[in-house]
Amino acid sequence: MRRILLLLTTLMMMAPARAELQAVELYSQDALLQMIRDNTHLAQMRRDDCQLVEDVRAHAKVLKEPAYQMLWADMLMYGVCVDEDVREGFYYLETASESGLPDALEQLARYYRIGKFTLVNNDLAVHYYKLASEQGHLRARFDLVRMYINGHGAPRDYPQAYRWLFEEVYQHEEDRQTARTLLAQLEPLIPPRTVAAIRADQKFQDKYR
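All values derive from a computational prediction rather than experimental measurement.

1. Structural notes on the nonpolar core
Working step 1: Ranked by size, the top nonpolar core spans 57 residues in total, and within it M45, L71, W72 and M75 carry the most contacts.
Working step 2: The residues touching M75, leaving out its near neighbours within four places in the chain, are L42, M45, V53, V56, V80, C81 and V82.

Here you go:
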């Protein structure tokens, strides 16, 4: 009996320290955005044992921070750490996109392109891809060009998309190869004089940097 009491006392003394060691800090905006771009944000919530649900809810609904609105949206749409609610989740994704968050704009475009949680709407997909692309979202630019190549969007917008990919500085070789392939497919859809002007502009910029 004495041994059992001693064991219980030891466990009670260890519990606060163990809880303190397992406490999870709220993600910084930069860290959260990187997790979203790497598509690890929901897995991280699970790894953190859903301890931050109320914090995420408050930052999304009360403080109205776009990155947390996007996290909250995905938690709701995929039922991670909360009850699944696709309608409310989609609302918060749209809200994050209305603030101009490029990652939310890209995700919304992708959902309309593939018909995720909604019907396929290529016009809206192009619209949101353009908004994300204007803010430099590389994956959005790739997918926007793919949509142009497949006949969606207005031909008057093709040169800008061509310029984006042509002038981009690529960190990864895989992205550079993807851009080269997409440019080769998009180029025949643009007047040769326009393509030549874009390439000449780039040469001028390179010369005087």
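Back to the write-up after that little detour.
2. Regarding the packing of helix 5 (residues 66–78) against helix 7 (residues 102–114)
Working step 1: Helix 7 packs onto helix 5 with a crossing angle of 30 degrees between their chain directions and a minimal axis gap of 11 Å. It follows from the interaxial angle that helix 5 and helix 7 lie roughly parallel. Across the interface between the two elements, M70, D74, M77 and Y78 from helix 5 touch D103, A104, Q107 and Y111 from helix 7.
Working step 2: Within the contact of helix 5 with helix 7, the residues separate by chemical class into 5 nonpolar, 1 polar and 2 charged.

3. A closer look at the state of the cysteines
Working step 1: Tallied over the full model, the rule gives 1 disulfide.
Working step 2: Here C50 is linked by a disulfide to C81, with a sulfur-sulfur distance of 2.0 Å. The sign of the S-S torsion, about -70 degrees, decides the handedness of the disulfide formed by C50 and C81: left-handed. With C50 in the loop between helix 3 (41–47) and helix 4 (53–61) and C81 in the loop between helix 5 and helix 6 (86–98), this pair connects stretches of sequence that are 31 residues apart.
Working step 3: For C81, a relative accessible area of 26% puts it in the partly exposed group.

Calculation rules
Residues numbered from 1 in each chain as written. Predicted model: local features only at pLDDT ≥ 70, side-chain atom pairs only at ≥ 80, totals over all residues. Heavy atoms only, no water. Core = buried A, V, L, I, M, F, W, Y, C linked by side-chain atoms within 4.5 Å. Buried < 20%, exposed > 50% of the residue type's maximum accessible area, 1.4 Å probe, protein only. Contact = heavy atoms within 4.5 Å. Axes fitted to C-alpha atoms, helices over the stretch in contact; angles between N-to-C directions. Helix = DSSP H or I, 4+ residues; strand = E, 2+ residues; numbered from the N terminus. Parallel < 35°, antiparallel > 145°, perpendicular 65-115°, else oblique. Nonpolar A, V, L, I, M, F, W, Y, C, P; charged D, E, K, R; others polar. Disulfide = S-S within 2.5 Å.

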